[in-house]
Structures are given as C-alpha cells and as structure tokens.
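In case you want the letters, here they are:
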Number of protein chains: 2
Amino acid sequence: MQRTVSHLADGREIIYFDGPGAPLRTASDGRPLTPTITTSELRHDPILDEWVVMASHRQGRTHLPPVDQCPLCPSRDGADTEIPEKSYDVVVFENRFPSLSGEAGRCEVVCFTDDHDASFAALDQAQARLVIDAWADRTATLGERPEVEQVFCFENRGQEIGVTLDHPHGQIYAYPYLPPRTAQMLSSAQRHHAATGRNLFADVLAAERDEGVRVVAESEHWTAFVPRAARWPAEVHLYPHRRRLADLTELTDAERDDLAASYLHLLRTFDGLYEQPMPYIAAWHQAPRAGRELWYLHLQLFSIKRAADKLKYLAGSESALGAFITDVLPEDVAVRLRDVAP
Amino acid sequence: MQRTVSHLADGREIIYFDGPGAPLRTASDGRPLTPTITTSELRHDPILDEWVVMASHRQGRTHLPPVDQCPLCPSRDGADTEIPEKSYDVVVFENRFPSLSGEAGRCEVVCFTDDHDASFAALDQAQARLVIDAWADRTATLGERPEVEQVFCFENRGQEIGVTLDHPHGQIYAYPYLPPRTAQMLSSAQRHHAATGRNLFADVLAAERDEGVRVVAESEHWTAFVPRAARWPAEVHLYPHRRRLADLTELTDAERDDLAASYLHLLRTFDGLYEQPMPYIAAWHQAPRAGRELWYLHLQLFSIKRAADKLKYLAGSESALGAFITDVLPEDVAVRLRDVAP
C-alpha cells in the first residue's frame with residue numbers, strides 16, 4: 001500500500017491510499033479556498049450526564065449537489081473538487097464542515113472509490129482491503145493525539161438516513177470525550193470482568209456461536225450474527241472469533257484480507273434483503289483510550305428499513321426514553337439474511 | 001369531568017372522558033373482533049445492559065388508512081371504528097396492536113378530539129384540559145399495577161416521524177421495566193442528591209430561570225426553556241416552577257388549567273417556527289416507581305425538523321455511539337421561538 005500525504009488549499013490534510021502500480025499523487029489544489037471558521041463546543045447535559053456537541057457552523061454544508069458538482073469525485077479540467085488528483089484509489093481528507101474540530105476532535109471523510117456510481121458493496125476485495133488499511137492507519141494516527149478518547153470509523157449509506165452526498169464514502173470521527181454508548185458498553189464490560197474475570201464481548205460472541213440460530217455467516221476469522229436483543233429491523237454484529245483485538249490497528253494481513261471478503265459478503269447480503277440498495281449505518285466499535293484491555297473490536301451494521309417500502313422511525317419510546325421496541329424476531333431476521341446471501 | 005368505562009368487542013377497555021353536558025356513553029361495539037394474539041417479549045442486551053421489547057405481532061398494524069377508514073374517528077352508520085360512539089370528547093382505549101401487553105405492560109391510545117382534521121394545537125383550552133385529566137387518570141390507574149415501573153404519556157406527531165394514523169392522538173405506555181433514559185436520569189439525580197442534598201431537576205430549572213437567555217415562555221405555574229445542551233434542532237422542556245411534583249396525578253386544578261394554556265401556547269409556537277405543522281415528539285417524563293422523591297415532572301417537546309425543508313437524521317454518531325451533534329445553538333433557537341410565539 002502506497003500512502004501519500006498532501007494538503008488542500010485551506011490547509012486541510014489529504015491522504016491517498018493506493019494499491020500497487022498507482023501513479024504518484026502530486027496534483028495540488030488550485031482553488032481559492034479560505035479556511036472554514038469552526039466553532040465546535042462541548043456542552044454537558046447534567047440530567048443525562050452526557051456531552052453534546054454544538055457545531056453551529058455546519059448549517060451551510062453541501063447538501064445533495066448534482067452529480068457534476070460532486071465534491072468527492074476526482075478533479076477534472078474545469079471542475080476542481082476536494083480531491084486534486086484526476087483519479088484515486090482510496091482517499092481520506094479532513095472534513096471542510098467538521099462536527100468536531102480543533103481541541104474538540106477531528107472529522108475526516110473517506111472516499112471508498114473514485115467511481116461516483118459505485119457503493120462499498122460493489123468494490124472488489126483488493127479495494128475493500130485498501131479501505132480497511134486506511135481505517136487502520138487513521139485509527140493509529142488519530143488515536144495517538146492526546147485529546148482523542150475514541151476513533152470511530154463509520155459509513156452512513158442512503159438518503160433515507162440523511163446522507164447528503166451520494167458518492168460512496170464513509171467518515172472517521174475522533175472524539176475528545178468518551179461517547180455515551182461507548183461509556184455504557186465499557187461500564188458493562190467492567191462489571192462483567194469484575195464478576196467473572198472474563199471479557200463480556202467474548203462471552204457474548206461465544207454464546208452466539210454456540211447457539212448458532214442467529215449466526216448469519218462465518219469465515220476463517222470472522223463471525224456475523226444478529227444479536228439476541230437486536231434493536232433495529234436489520235442488525236448484524238461482526239466479530240473476529242479467533243482472538244480478541246482492541247481495534248483495527250491490531251489486525252494481521254490475513255485477518256484484513258478475510259475481513260474484506262466477509263464484509264463485502266455481509267453488505268451484499270444486506271442489499272439482497274429487499275432486492276434494492278439498503279440504507280444502513282456501519283459502525284466500528286473500537287477500544288476507547290480508557291479501555292483497551294476490556295474491549296473487543298466489532299462492527300455493528302444496521303438498517304432502519306423494516307420492509308421494502310417502510311422505515312422504522314425512532315419515536316417517543318426510543319427517542320425520549322431509550323426504550324427500543326422491535327417488530328421482528330432476531331432469529332427470523334437471521335433466517336432471512338442467510339436465505340438472501342449471495 | 002365525566003368518566004365512562006366500557007369494553008370493545010374483543011375485551012379491550014375503552015374510557016370516555018367528557019366535559020359537562022356530554023351525552024351518556026352507552027354505545028356498544030358491534031364488530032366481530034377476535035382478540036389479537038400478542039407475544040411481547042423482553043430481552044436483555046448484556047453489552048449495553050438494557051432491555052429491548054420484541055413485539056413481533058405488530059408488523060400487520062394499520063398503516064395510514066384513507067380518511068374514511070380512520071379507526072380513531074367516531075363510528076357512524078355503516079362504518080364501525082375503534083370508538084363505538086357517534087361522537088366523543090376525549091377517549092382512551094387499549095391499543096389493538098400493543099408493543100407492551102400482558103405481564104409485559106400496556107399500551108393505550110388517547111384520542112384528543114373526534115375531529116379528524118384537528119391537531120392538539122388546535123384544541124380549545126377546555127378540551128386540552130380534558131386530555132390532561134385523562135393523562136392524570138391513566139397515570140394513577142396504570143401506576144397502581146404492580147408490574148408497572150413507569151407510565152409514559154406521549155404524542156408522536158407527523159408522518160416525518162413515522163406516525164401511521166393522522167387523527168390527532170397520543171399514546172400511553174406502561175413499562176414493566178425501568179426504561180434506559182429514565183434509569184440514566186434517576187441515576188444522575190441520585191448522584192446529585194448525594195453530593196448536594198438538592199434535587200437535580202430543580203437546580204437545572206432554577207439555573208435556566210436565573211440565566212433567562214433560553215427561556216421561551218413563562219406563565220403563573222409553568223416555565224418553558226430550551227435546555228443548555230439541547231440535542232434536537234428544536235427542543236423545549238416545560239416544568240412547573242412553583243413546586244416540585246412527581247407526576248401528572250399531583251397537579252392541582254389551577255396547575256392543570258394553566259398547563260392547558262401553556263402547552264397550547266408552546267405547540268402553537270412550534271407550528272410557527274416554519275409556518276407549517278411541525279412534526280414533533282411530546283414526552284412526559286414522570287416519576288418511575290423507583291424514584292418518586294428524586295423526580296421532577298416535566299415535558300420534553302422536540303422536533304427533528306432543522307429547516308423548513310430539512311430533517312435531522314440520527315446517523316452513525318448518534319445511533320451507534322449516542323454522541324449527539326447539533327447544528328444550532330440553543331440560545332438562537334430560544335430567540336427564534338420567542339419571535340414566532342403567537
């Protein structure tokens with residue numbers, strides 16, 4: 001993998017991740033960009049005892065531009081985009097309208113391919129592997145910054161969940177605080193370890209593999225299952241089952257190659273569920289700074305789509321009280337996913 | 001207030017709440033209804049240490065029927081609905097497709113008016129007062145059931161948040177477990193009380209009234225403010241400020257009348273924000289069984305609408321990590337709400 005670091009006209013960092021045989025990345029950004037003034041502020045909610053990020057500079061961000069103005073496509077004559085090169089394999093750059101910035105963290109955009117009309121599921125295995133390498137690289141680099149508590153690699157896919165750019169891309173957030181759900185998971189893991197001496201996630205994974213009814217797919221290194229208490233109409237967790245890892249940086253070459261294949265298989269299975277591109281959130285739960293020993297790297301892939309023409313909405317019970325109510329049994333979802341697997 | 005209890009053809013309870021001068025409610029349900037078989041199941045998620053409700057019988061529920069088949073309108077010749085009477089003021093009945101049922105709790109529907117085309121904001125004060133009386137009545141009755149940990153009165157309004165029936169109505173859920181957000185709030189309140197000897201909610205309310213910049217409206221008994229760390233593009237909390245109450249059952253007549261006026265004012269203010277009916281969730285946070293002394297009754301009113309033509313979606317950061325990022329400053333939202341107040 002060839003890694004090239006450069007900077008955009010307003011000083012933001014851009015990093016190319018290329019496979020063998022790619023050209024040198026030497027193009028420079030000719031746009032007359034002025035740096036975005038960002039004003040992220042963290043506020044504490046005393047009633048829920050959680051931090052909320054206020055990023056009031058983001059209201060003006062780019063919203064579903066026409067294809068010929070896509071800022072994530074490569075630049076071409078007469079149309080400069082966020083990526084100065086005429087082509088790329090995988091590229092990561094700092095978000096121009098970041099939710100987190102300065103001492104309040106960092107937001108990066110990961111373009112999975114320069115093909116505007118592709119999707120992650122449509123990548124070949126080598127390309128998916130490059131994305132995994134990019135995630136691992138950014139996790140290592142951002143995780144070293146003293147203000148960062150957790151590095152979060154994720155993809156929001158589909159306009160149904162509010163995606164404002166169609167070009168296949170994901171994001172990386174580096175939080176300057178422990179996100180609420182991570183804190184909650186860490187606290188469960190601590191209690192479980194104190195009570196049993198064992199790793200909570202490893203025990204859940206072992207129980208799912210043992211019971212088997214909710215397992216959707218298994219490869220040499222990876223197991224995908226619908227969790228027993230799934231909250232979403234389609235939800236799968238993907239764990240490396242041969243050993244516990246804290247985050248993506250610890251993956252071996254063999255584990256990465258197998259992940260590329262397993263993850264592609266899982267995404268294609270998701271797209272098969274309603275025979276149409278599935279809106280989804282793919283979220284990598286990586287060890288926060290505060291809990292490497294208690295953690296267990298895993299991916300949470302889920303969708304709000306509950307039928308070909310229906311979405312699940314978070315209404316009063318979920319949004320106000322956090323009480324999730326689901327209409328489908330996880331065992332049934334697992335059966336359907338196994339049925340539609342490519 | 002006149003209260004009449006009856007039963008629908010499949011045995012579900014229906015309760016009429018009427019103002020002075022209403023006719024006796026004697027109509028019986030002539031439909032050949034068979035009881036819905038419900039299979040709610042609670043499952044524990046060990047990783048987040050939360051309960052999730054599985055209600056797999058709900059997939060077949062009524063979804064946006066045409067107006068002439070609205071099940072919440074009064075019955076008329078040739079068209080029997082869920083309400084046998086030809087008219088009503090306010091009516092509450094057990095949901096035919098409940099998320100919670102049997103030993104797993106109870107779900108009720110509250111019809112705010114028999115006028116299909118109205119909205120809560122369009123009610124007059126006497127009608128709003130009847131709804132408040134109905135909420136208080138149901139809170140008292142359901143709260144007495146030994147399996148119920150919390151009674152939740154709420155309204156989901158607008159197709160943007162997934163409402164499947166247009167007729168103005170709300171819901172009441174009686175949970176057989178402590179909902180996650182309530183548990184979290186209770187735990188903050190306990191810590192605050194242990195550290196200071198004071199009530200957490202009362203301190204937050206006092207600070208907001210003191211600072212004043214986020215206060216949206218104030219009446220004799222009620223104060224509405226945008227919380228300092230609001231998560232939603234429009235969010236207002238409404239508290240009774242003269243004394244602490246655990247739940248709606250403790251409201252005096254004067255407090256109820258003033259609430260009817262204050263709540264209507266608030267809803268009309270919300271509708272004024274984008275000069276169109278605002279999709280919203282209105283959630284009454286009432287004392288759970290486990291924490292009457294530490295609680296403080298309040299309403300949380302919030303919307304996902306962030307511009308006249310844009311919604312806020314919960315994507316990766318919010319849905320997977322619980323890390324809320326908002327684009328608008330609470331102080332600015334308070335200014336705008338005060339500006340558009342009727």
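Residues numbered from 1 in each chain as written. Chains lettered and ligands numbered in written order. Predicted model: local features only at pLDDT ≥ 70, side-chain atom pairs only at ≥ 80, totals over all residues.

1. Examining the interface of chain B and chain A
- Facing the 56 residues of chain B at the interface are 55 residues of chain A.
- Broken down by element, the side of chain B that touches chain A gets its largest block of residues, 6 residues, from helix H2 (residues 180–196) of chain B.
- Of the residues contributing to the side of chain B that touches chain A, the split by class is 33 nonpolar, 15 polar and 8 charged.
- Pairing between strand E16 (residues 325–326) of chain A and strand E4 (residues 50–54) of chain B: 2 bridges, direction parallel. Across the sheet, the residue bridging to A:Ile325 is B:Val53, located in E4(B). (Contact = placed C-beta atoms within 7 Å. Helix = DSSP H or I, 4+ residues; strand = E, 2+ residues; numbered from the N terminus. Nonpolar A, V, L, I, M, F, W, Y, C, P; charged D, E, K, R; others polar. Pairing = 2+ DSSP bridges.)

2. Remarks on the packing of helix H1 (residues 125–143) of chain A against helix H4 (residues 253–273) of chain A
Residue and element names in this part refer to chain A.
- Orientation of H1 relative to H4, taken along the N-to-C sense of each, is 115 degrees, at an axis distance of 9 Å. In terms of their interaxial angle, H1 and H4 are classed as roughly perpendicular. As H1 packs across H4, the resulting crossing turns out to be right-handed. Between H1 and H4, the residues in contact are Gln125, Ala128, Arg129, Ile132 and Asp133 and Arg256, Asp257, Leu259, Ala260, Ala261, Tyr263 and Leu264, respectively. (Axes fitted to C-alpha atoms, helices over the stretch in contact; angles between N-to-C directions. Parallel < 35°, antiparallel > 145°, perpendicular 65-115°, else oblique. Left-handed = near helix turned anticlockwise from the far one by under 90°.)

3. A look at helix H3 (residues 200–211) of chain A
Residue and element names in this part refer to chain A.
- Between its terminal C-alpha atoms H3 stretches 17 Å, which fits the 16 Å expected from 12 residues at 1.5 Å a residue.
- Along its buried surface, H3 packs onto helix H2 (180–196), strand E9 (215–218), strand E10 (222–225), strand E11 (234–240) and strand E13 (298–303).
- Glycine 212 sits one or two positions beyond H3 and adopts a positive phi of about 80 degrees. (Expected span 1.5 Å × (residues − 1).)

4. Considering the pairing of strand E3 (residues 41–45) of chain A
All names here are of chain A.
- In the sheet, E3 pairs with strand E4 (residues 50–54) via 5 bridges, with the strands oriented antiparallel. Looking at E4, one finds that aspartate 45 is bridged to glutamate 50.
- The antiparallel hairpin formed by E3 and E4 contains 4 residues in its connecting segment, where aspartate 49 sits at a positive phi of about 55 degrees.

5. A word on the domain arrangement of chain A
Residue and element names in this part refer to chain A.
- Domain boundaries in chain A define domain 1 (2–180) and domain 2 (181–340).
- The C-alpha-based centres of domain 1 and domain 2 are spaced at 24 Å.
- Secondary-structure elements contributing two or more residues to the side of domain 1 that touches domain 2 are H1 and strand E7 (150–157).
- Looking at the side of domain 1 that touches domain 2 residue by residue, the class counts come to 16 nonpolar, 6 polar and 6 charged. (Domains from an automatic or database assignment.)

6. Notes on the nonpolar core
- Membership of the largest hydrophobic core comes to 200 residues, with the highest contact counts inside it found for A:Val91 and B:Val91.
- Apart from residues no more than four positions distant in its own chain, A:Val91 is found in contact with A:Ile14, A:Ile15, A:Tyr16, A:Ile83 and A:Cys111. (Core = buried A, V, L, I, M, F, W, Y, C linked by C-beta atoms within 7 Å. Buried ≥ 20, exposed ≤ 12 C-beta atoms within 10 Å, placed from the backbone.)

7. Details of the environment of B:Arg306
All names here are of chain B.
- Positionally, arginine 306 belongs in strand E14 (residues 305–307).
- The exposure class assigned to arginine 306 is partly exposed, which follows from the 18 C-beta atoms found within 10 Å.
- Separated by 72 residues in sequence, arginine 306 and alanine 234 place their C-alpha atoms 7.3 Å apart.
- Ignoring any residue separated from it by four or fewer positions in sequence, one finds arginine 306 in contact with Pro233, Leu311, Lys312 and Asp327.

8. Let's talk about unusual backbone geometry
- For B:Asp49, which is not a glycine, the phi torsion comes out positive at approximately 55 degrees.
- Mapped onto the elements, B:Asp49 comes out in the loop between strand E3 (41–45) and E4.

9. Thoughts on the relation of the copies chain B and chain A
- Overlay of chain B on chain A (RMSD 0.0 Å): rotation 180 degrees, translation along the axis 0.0 Å. Accordingly, the operation relating the two chain copies is best matched by a two-fold axis. Using C-alpha coordinates, one finds that chain B approaches the rotation axis most closely at B:Leu314, a distance of 4.5 Å.
- Mapped onto chain A, 98% of the interface residues of chain B are again interface residues, and the two copies thus contact each other with one and the same surface. (Least-squares fit on C-alpha atoms with pLDDT ≥ 70 in both.)

10. Quick notes on the sheet that holds E4(A)
- Read from one edge of the open sheet, 3 strands run E3(A)-E4(A)-E16(B), paired in mixed fashion. Of all strands in the sheet, those with a lone pairing partner are E3 of chain A together with strand E16 (325–326) of chain B, marking the two edges.

11. Structural notes on the sheet that holds E11(A)
All names here are of chain A.
- With antiparallel pairing, 11 strands are arranged side by side in an open sheet as E1-E2-E5-E6-E8-E7-E12-E13-E11-E10-E9. The sheet is open, and its two edges are formed by strand E1 (2–7) and E9, each paired on a single side. Geometrically, the sheet is characterised by an average inter-axis angle of 20 degrees between neighbouring strands, direction not taken into account.
- Along the sheet face, H4 touches E9, E10, E11, strand E12 (280–285) and E13 and points at about 170 degrees away from the line of E11.

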